[in-house]
Amino acid sequence: MNCKISAVLLVAALLTGTLTACTGAGIQSSSVVSRQSASSAGTASAAQVSPAPSSRQSAVRISIGPEPESLDPALSSTEDTDAYCAAAFEGLYKVNAAGKTVLGQAQKAVVSADKKVWTFTLRSDARWSDGTAVKAQDFVYAWRRNIQLADAQQKELFAYLKNGEEILSGSNTDVSSLGAEALDDQTLRVTLASPCELLPQMLMRPVFMPLRSDIVASHNSWDHSPDTFICNGPMKMTQWNVKTNIIYARSSTYYDVSQVNVSILTCMLSEDDETRLSSYDNNETSYISSLPVKYYTRIRERGDMSTSAAGTECLQFNTKVDALSDAQVRKALSLAIDRDTLAVATTGMHFTPAAAFVPTGFVDAGGKNDFRTVGGSCYKVSADDYSANVTSARTLLEQAGYAGGKNFPQLTITVPIFSLDSAAANAIAQMWKTQLGISCTVSVQPRKTYQQNCRKGNVQMTISRVTPAYEDPSAYLENFVSDGFGSMTGWKDNTFQAQMTSARRSAAGSTQRYSALHAAEKRLAEEAPAVALFYMPSLSLRDSRLNGIFTTQSGVTYFVYARLFTD
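Draft legend 1. Structural view of the sheet that holds strand β16 (residues 352-353). The strand order across the open sheet built from six strands is β16-β20-β15-β19-β17-β18, with neighbouring strands paired in mixed fashion. Every interior strand has two partners, whereas the edge strands, β16 and β18 (440-445), have only one. Where strand β15 (residues 311-317) lies against strand β20 (residues 530-536), six bridges are found, and the strand directions are antiparallel. Each residue of the ladder has a partner; that of G311, found in β20, is M536.

As structure tokens, then:
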């Protein structure tokens, strides 16, 4: 008997539970709930955890995104590629089966008295998938490569290392001066610009994964073929069937292989969330994300979703294009967005309108108050405020020389094939037309094309989801430093940069640090290279027989501990 109910009627509710270790990385665990069809009576309830099975299937099929442009950890920019990276690579730290941050490729970490020097001793049994020993030099090579790589994602995190900020800005061209040094094959010394208690969480990000110089330097497309995709994590790639699937198998060379429950992980590739839903309904997959927006209303009506969001949906402006270079225009466009309607009616969910980039749930100075409560709102987002917001928007637009939208250039919001983004983009375009007299079209593109156009600056505006790389308010704001992860704005602001630098250099938990973060967030709202829209959790569907999958607060989903139970 198949335990799956029609995917339209099933949702993986995100339960907000925080498990702490090292620096307290938060974990969101998914629990399956079933839903009866519209014609059935009664109320469905959460499914119970399956009893110990008489037999266990370790082959799992999932569908979480389209064909990736790359599986190079440094280029991972979306939740699906982050999940693939977590399966195939491992850094100095990892997340274990209990959802805790623990040492990974390192067996020991020693921190200096001033907390600026971290010395890691690598595991003697750490191996690459071809059996070669993982060395400290592999980390140094990867980090020096990635900080220089134009398209590297989240490379702004290297600013926390000694000389990292200067190398990123170009004022220091000696990449060997980065605070990462191999003392010998098994000893890596990491030197920070200032103490950073969040380092273990950062070191789990894909950009900090080790790489083999002999492989990467010798093969331009090393990450596209199982023959050259040499990795050091729990699983290894065995097949990449273009436009069909990517298949991973349990790696026999992984030191902790006994903890890897999945023997085969088949990742079905699909550009369209409707197609992913169909694969789930047809029992072709046991786990999918993301979900088609037209089913959000049914999910909302059940009340099974957590309102504690890991991501902020935002609208980004290319500040180098036409009228969008004017902060007054960007603020006018922001004010004319009815965030309350967007978060609720457009999505069909009770998402929370975003009053700022950083959501609630993060502590402020001294660990006593909530960061959002202390910082207040950057936008007025209630339905009652919208009329006044529109009036202000029209005034700003008139001051910029576009009274009533006259002579304003044609705008285009470009989004990947994802029903939530396209629904939000169309709703925003209509708001601008109605309230400001501005014409805006929506361009929906395959993700590969979309990503290439974003990198080339060929996109005027886009909608994207900002997720924190680690559990701290600064993680949302780091996205918008010069060339920050996920930013296509082209915005470079010395004031914002200085405020973020001050936050990095200030003591953890200090008033100085949080004051700098609040100032940076306010600056971001004032200049509006990007504007927050609403907060939302990740949405997924999971077979009730599939256990052991969890998603961290940074949006990375781990599949290696999954167990698919038979009837």
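Draft legend 2. Inspection of unusual backbone geometry at higher detail. Omega for the bond connecting S289 with S290 falls within 30 degrees of zero, at -5°, which places this linkage in the cis form. One can find S290 in the loop between β14 (287-288) and α7 (296-302). Located in the positive-phi region is K243, a residue other than glycine, with phi close to 65°. Within the secondary structure, K243 is located in the loop between β11 (235-241) and β12 (245-250).

Draft legend 3. A look at the packing of aromatic side chains. Scanning all chains against the criterion turns up 19 aromatic pairs. Taking the centre distance of 5.6 Å and the plane angle of 80° together, the rings of F89 and F229 count as edge-to-face. In this pair, F89 sits in the loop between α1 (79-88) and β5 (93-95) while F229 sits in the loop between α5 (213-216) and β11, placing the two residues 140 residues apart along the sequence. Of the two residues examined, F89 and F229, each falls in the buried class. Between the aromatic rings of Y287 and F559, the centroid separation amounts to 5.1 Å while the plane-to-plane angle is 85°, which identifies the pairing as edge-to-face. In this pair, Y287 is assigned in strand β14 and F559 in the loop between β24 (557-558) and β25 (563-565), connecting sequence segments 272 residues apart. Pair check on accessibility: Y287 and F559 agree, each one buried. Cluster of aromatic residues (ring-pair linked, three or more members): F139, W143, F158 and F208. Here the basic side chain of R504 rests over the ring of Y160, its NZ or CZ set 5.7 Å away from the ring centre.

Draft legend 4. Structural detail: the pairing of strand β13 (residues 264-269). The element β13 is largely enclosed, with a buried count of five among its six residues. Examined bridge by bridge, strand β4 (residues 59-65) and β13 share five bridges and lie parallel to one another. Bridging across to β13, I62 finds its partner in C267. Direction of pairing for β12 relative to β13: antiparallel, over a ladder of five bridges.

Draft legend 5. The arrangement of the pattern of salt bridges in detail. Tallied over the entire structure, the rule returns 20 salt bridges. In this structure, E274 and K294 form a salt bridge, with 3.4 Å as the shortest nitrogen-oxygen distance. With E274 in helix α6 (residues 273-281) and K294 in the loop between β14 and α7, this pair connects stretches of sequence that are 20 residues apart. By relative accessible area, K294 is classed as exposed at 55%. If you follow the salt bridges from partner to partner, you end up with E165, E478, R504 and R505 in one network.

Draft legend 6. Broad picture of the environment of M202. Its place among the elements puts M202 in helix α4 (residues 199-202). Counting along the chain gives 44 residues from M202 to F158, while the straight-line C-alpha distance between them is 9.5 Å. Not counting residues within four places of it along the chain, the set of residues in contact with M202 comprises Y160, C196, F208 and Y470.

Draft legend 7. Spotlight on helix α16 (residues 511-527). Counted at 1.5 Å a residue, the expected span for α16 with its 17 residues is 24 Å, and the 24 Å between its end C-alpha atoms agrees. Restricting attention to buried positions, one finds in α16 the residues R513, Y514, A516, L517, H518, A520, E521, L524, A525 and E527. Residues of α16 that are buried sit in contact with α8 (327-335), α10 (371-375), α14 (474-477), α15 (494-505) and β20. Positive phi shows up at A528, right after α16, with a value of about 50°.

Draft legend 8. Fine view of α8. Here α8 has its buried residues at A327, V329, R330, A332, L333 and S334. Two or three places before Q328, at the opening of α8, D326 has a side-chain oxygen 2.8 Å from that residue's backbone nitrogen.

Draft legend 9. A look at the sheet that holds β14. Strand order across the open sheet formed by six strands is β11-β12-β13-β4-β14-β21, with mixed pairing between neighbours. In this open sheet, the two strands that pair with only one neighbour each are β11 and β21 (541-542). Both β11 and β12 contribute to a ladder of six bridges, which runs antiparallel. Bridging across to β12, Q239 finds its partner in I247. Against the sheet, α1 engages β4, β11, β12 and β13, with an angle of about 145° to β4.

Draft legend 10. Layout of empty space enclosed by the protein. Counted according to the given criterion, the structure contains six cavities of 30 Å³ or more. Size it by volume and the largest cavity reaches roughly 180 Å³. Taken together, 19 residues form the lining of the largest cavity, with A86, F89, E90, K94 and Y558 sitting closest to its centre. Those elements giving two or more residues to the lining of the largest cavity turn out to be α1 and β5. Classifying every residue of the lining of the largest cavity by side-chain character gives 14 nonpolar, one polar and four charged.

Draft legend 11. Spatial organisation of the side chain of D338. Looking at the secondary structure, you find D338 in the loop between α8 and α9 (339-346). This buried residue, D338, is left without a salt bridge; R339 holds the nearest opposite charge, at 8.1 Å. A polar contact is formed between the side chain of D338 and the side chain of T341, at a distance of 2.7 Å.

Draft legend 12. Region of the structure containing the packing of helix α11 (residues 386-399) against helix α12 (residues 419-436). Relative orientation of the contacting elements α11 and α12 amounts to 75°, with a least axis distance of 11 Å. When the axis of α11 is compared with that of α12, the two are roughly perpendicular. Here α11 contributes Y386, V390, A393, R394 and L397 to the contact with α12, which in turn contributes M431, Q435 and L436. Residue classes in the contact of α11 with α12 are distributed as six nonpolar, one polar and one charged.

Calculation criteria
Residues numbered from 1 in each chain as written. Predicted model: local features only at pLDDT ≥ 70, side-chain atom pairs only at ≥ 80, totals over all residues. Heavy atoms only, no water. Pairing = 2+ DSSP bridges. Helix = DSSP H or I, 4+ residues; strand = E, 2+ residues; numbered from the N terminus. Phe/Tyr/Trp six-rings, centres within 6.5 Å; stacked < 30°, edge-to-face > 60°. Buried < 20%, exposed > 50% of the residue type's maximum accessible area, 1.4 Å probe, protein only. Lys NZ or Arg CZ within 6 Å of the ring centre and 35° of its normal. Salt bridge = Lys/Arg side-chain N within 4 Å of Asp/Glu carboxyl O. Contact = heavy atoms within 4.5 Å. Expected span 1.5 Å × (residues − 1). Polar contact = N/O pair within 3.5 Å; in protein donor to acceptor, adjacent residues only side chain to side chain. Axes fitted to C-alpha atoms, helices over the stretch in contact; angles between N-to-C directions. 1 Å grid on protein atoms, 1.4 Å probe; cavity = no way out; pocket = protein on both sides within 12 Å on 5 of 7 lines; lining within 4 Å. Points joined across faces, edges and corners; volume = space filled by probe spheres on them. Nonpolar A, V, L, I, M, F, W, Y, C, P; charged D, E, K, R; others polar. Lys, Arg positive; Asp, Glu negative; His and termini not counted. Parallel < 35°, antiparallel > 145°, perpendicular 65-115°, else oblique.

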